[in-house]
Amino acid sequence: MRPYEEALQQLLSDVGTLSAGEVCETTIVESIGRVLAEDIVSPMNVPPKDNSAMDGYALKMQEPSEDETWLVTATRLAGDASEITVNSGDAVRIMTGAEVPDGADTVIMQEEIERDGDLIKVVGQHKLGENIRRAGNDIAQGKTIIAKGTCLDASHLGLLASVGVAKVRVYRKPVVALLSTGDELTEPGTPLEAGAIYNSNRYFLFPMLQRLGCEIIDFGTIKDDREAISNAFTDASRQADFVITTGGVSVGDADYVKEVLDELGSIDFWKVAIKPGKPFACGSLSKNQDENAGYLFGLPGNPVSAIVTFMLLARPALQQFSGQAVEGLSMLPARLSASVKKRPGRMDFQRANYSMSDEGELIVVPFNSQSSGVLSSIAESNCFIVLERDSGNVAEGSRVSILPFRQWL
Ligand code: AMP
Ligand code: MG
């Protein structure tokens, strides 16, 4: 059995030679979830000019009049760039976001002004320059605001828009052929025959792949038949960068995925020392290294094993392929609310819920069933308790590492 880190490193180095490569241009609206193929350098200052952070009065505080009153000479609304100059003793009524007129050095918020006709008096103590948002304070012209390899989210789209960028260059999407194996599998919406179960795996893999920015080719469900699996793999590997299967990777009598992978291409490894998820096959679907054939991830059939191996192994590989930096497992420290059972030998990813205690400490409560077939353990949890390979049982109150996972679902 391969330790997790070693399996992941090998997987990344195998997939590392592949790459989505091609670049296309897209509008920022359509760029959500895509991976940026260029550094974005801001062509401008944001804000472009000094502007007011408050509704109030812009004035020259450095040159106060003797009786500390100012004469309101003009009004400036946001968007108004008409020529206004503030002389000493003058004040301009100004709204949030409006450019600070020439000559003014400070904006006093209107709540701190007493106004009598066109005359205002400033109440209280004020700092020179207050309530002015300086040009380039948010983003300076020439600054790299988003790095190549970033998977664009809503905040990035807003940032691009704020500097006037309407189109960006992104990598093409990885193409993934998704197929389930299993004679027992039935699609939801059809009646369940004796001995059958509903196919749940493809319904969580689909959205998780979409979320990763993949284009999916649906190969449906393939029977546990050597030839049918071989034909499907051959067909899928011609159309897709990756072929993802569930089921049939174990040592049962109808488990043909490994055999077929070995026959068509090469198996990299098929046992990873993680729990859940031990049977996991991967490898190229071609014997010819140079051929641009698909790469296969054979996930286990048990739903929890399938989701965990997808999150921990397939996901980082797909991220790397699509041009993103692979994020390591960002774990948090938490205190165990109850003891957990663990046998040394495999790295455990136990389903659990964490929350903050009144004392500000993270407390983690293990889910009551850790069986790899219990999909509700994922649906009702928000993190894994990650227990190292050599660890045995862990006592209540111990400090453990947790890995939040709902962001991937
Ligand atoms: P296998 O890896 O094919 O031996 O499957 C292991 C277990 O997972 C069996 O109980 C299967 O019935 C179940 N299983 C396999 N594929 C799926 C699927 N797509 N959805 C739900 N359960 C599955
Ligand atoms: Mg099966």
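Higher on the page you've got the structure.
A brief report on the enclosed structure follows. Just so it is clear, the model here is predicted, and its values are computed rather than measured.

1. Quick notes on the environment of R202
Move 1: Mapped onto the fold, R202 is located in helix α3 (residues 201–211).
Move 2: Linking R202 and G220, residues 18 residues apart in sequence, is a C-alpha distance of 8.5 Å.
Move 3: In this structure the side chain of R202 is engaged in a polar contact, spanning 3.3 Å, whose partner is the side chain of Y203.
Move 4: At a separation of 2.5 Å, a polar atom in the side chain of R202 contacts the side chain of D218.

2. A word on the side chain of N199
Move 1: Looking at the secondary structure, you find N199 in the loop between β15 (197–198) and α3.
Move 2: At a separation of 3.3 Å, a polar atom in the side chain of N199 contacts the main-chain amide nitrogen of N201.
Move 3: A polar contact is formed between the side chain of N199 and the side chain of T221, at a distance of 3.3 Å.

3. Looking at the packing of aromatic side chains
Move 1: According to the stated counting rule, one finds eight aromatic pairs in the structure shown.
Move 2: Measuring from ring centre to ring centre gives 6.2 Å for Y4 and F349, while their planes differ by 75°; the resulting arrangement is edge-to-face. A residue pair is termed long-range when its members are at least 10 positions apart, and Y4 in helix α1 (residues 4–16) and F349 in strand β23 (residues 347–356) qualify at 345 residues. For the pair formed by Y4 and F349, the shared burial category is buried.
Move 3: Ring centres 4.6 Å apart and planes at 40° place the aromatic pair F384 and F405 in the tilted group. Of this pair, F384 sits in strand β25 (residues 383–387) while F405 sits in the segment after β26 (399–404), and the two are 21 residues apart along the sequence.
Move 4: Since its relative accessible area comes to 0%, F405 is described here as buried.
Move 5: Grouped by ring-pair contacts, the aromatic residues F242, F280, Y295, F297 and F321 constitute a single cluster.
Move 6: The aromatic ring of Y203 is capped on one face by R202, whose charged end is 5.3 Å from the ring centroid.

4. Description of the pattern of salt bridges
Move 1: If you walk through the whole model with that rule in mind, you get ten salt bridges.
Move 2: The partner of R315 in a salt bridge is E327, with the nearest N and O atoms 3.2 Å apart. Taken as a pair, R315 in helix α6 (residues 303–321) and E327 in the loop between α6 and β22 (332–336) lie far apart in primary sequence, twelve residues in all.
Move 3: Here the salt bridges share partners, and the residues they tie into one network are E22, R172 and D241.

5. Brief notes about the environment of F405
Move 1: Once the C-alpha coordinates of F405 and D348 are considered, the two residues, 57 residues apart in sequence, prove to be 15 Å apart.
Move 2: Among residues more than four places away in sequence, those in contact with F405 are M311, I378, S381, N382, C383 and F384.

6. Points about the sheet that holds strand β17 (residues 242–246)
Move 1: If you walk across this open sheet you meet the six strands as β16-β13-β17-β21-β20-β18, and the pairing is mixed. Strand pairing shows two members of the sheet lacking a second neighbour, β16 (215–222) and β18 (266–271), which therefore form its edges. Strand after strand, the sheet turns through a mean of 15° between neighbouring axes, direction not considered.
Move 2: Pairing geometry for strand β20 (residues 279–284) and strand β21 (residues 295–299), over four bridges, is antiparallel. Within β21, the position partnered with C282 by the bridge is F297.
Move 3: The sheet strands contacting helix α4 (residues 226–239) are β13 (175–181), β16, β17 and β21, and the helix crosses β16 at an angle near 175°.
Move 4: Each of β13, β17, β20 and β21 touches α6; the most contacted strand, β21, lies at about 165° to it.

7. Focus on the side chain of D90
Move 1: One can find D90 in strand β6 (residues 90–94).
Move 2: For the buried D90, no salt bridge is present, and the opposite-charge side chain at shortest range is K60, 8.6 Å distant.
Move 3: In contact with D90, other than residues within four places in its own chain, are A58, L59, K60, W70, L71 and T73.

8. Remarks on α4
Move 1: Its 14 residues place the ends of α4 20 Å apart at the C-alpha level, agreeing with the 20 Å of an ideal helix rising 1.5 Å per residue.
Move 2: Residues I229, S230, A232, F233, A236 and S237 constitute the buried set of α4. Angularly, the buried residues of α4 cover 165° about the axis, an arc narrow enough to put them on a single face. Away from its buried face by more than 90 degrees, α4 exposes E227 and R238.
Move 3: Buried residues belonging to α4 abut β13, β16, β17, α5 (257–264) and β21.

9. Considering the site of ligand 1
Move 1: Around ligand 1, the surrounding shell holds 14 residues, and the nearest of these are E184, N199, S200, G248 and G301.
Move 2: In the environment of ligand 1, a nitrogen atom lies 3.0 Å from a nitrogen or oxygen atom belonging to the backbone of S200.
Move 3: About the coverage of ligand 1: the protein hides 76% of its 490 Å² of free accessible area.
Move 4: Taken together, the residues of the shell around ligand 1 break down into four nonpolar, eight polar and two charged.

10. Here we look at helix α2 (residues 154–162)
Move 1: For α2, every residue scored as buried is listed here: H156, L157 and L160. Projected down its long axis, α2 carries its buried residues within an arc of 100°, all on one side. Away from its buried face by more than 90 degrees, α2 exposes A154 and S155.
Move 2: In the core, the buried residues of α2 are packed alongside β2 (40–41), β11 (144–146) and β12 (167–171).

11. Some points on the packing of α3 against α6
Working note: a packed helix pair is described by the angle between its axes plus the distance between those axes.
Move 1: Look at α3 against α6: their axes get within 11 Å of each other, and the N-to-C directions meet at 25°. With respect to each other, α3 and α6 are oriented roughly parallel. In this structure, α3 crosses over α6, and the sense of that crossing is right-handed. Where α3 abuts α6, its residues N201, F204, L205, M208 and L209 lie against P303, A306, I307, F310, M311 and L318.
Move 2: Taken together, the residues of the contact of α3 with α6 sort by class into ten nonpolar, one polar and no charged.

Rules and cut-offs
Residues numbered from 1 in each chain as written. Chains lettered and ligands numbered in written order. Predicted model: local features only at pLDDT ≥ 70, side-chain atom pairs only at ≥ 80, totals over all residues. Heavy atoms only, no water. Helix = DSSP H or I, 4+ residues; strand = E, 2+ residues; numbered from the N terminus. Polar contact = N/O pair within 3.5 Å; in protein donor to acceptor, adjacent residues only side chain to side chain. Phe/Tyr/Trp six-rings, centres within 6.5 Å; stacked < 30°, edge-to-face > 60°. Buried < 20%, exposed > 50% of the residue type's maximum accessible area, 1.4 Å probe, protein only. Lys NZ or Arg CZ within 6 Å of the ring centre and 35° of its normal. Salt bridge = Lys/Arg side-chain N within 4 Å of Asp/Glu carboxyl O. Contact = heavy atoms within 4.5 Å. Pairing = 2+ DSSP bridges. Axes fitted to C-alpha atoms, helices over the stretch in contact; angles between N-to-C directions. Lys, Arg positive; Asp, Glu negative; His and termini not counted. Expected span 1.5 Å × (residues − 1). Arc of directions from axis to C-beta. Near = heavy atom within 4 Å. Areas by Shrake-Rupley, 256 points an atom, 1.4 Å probe, with all protein chains shown as cover. Nonpolar A, V, L, I, M, F, W, Y, C, P; charged D, E, K, R; others polar. Parallel < 35°, antiparallel > 145°, perpendicular 65-115°, else oblique. Left-handed = near helix turned anticlockwise from the far one by under 90°.

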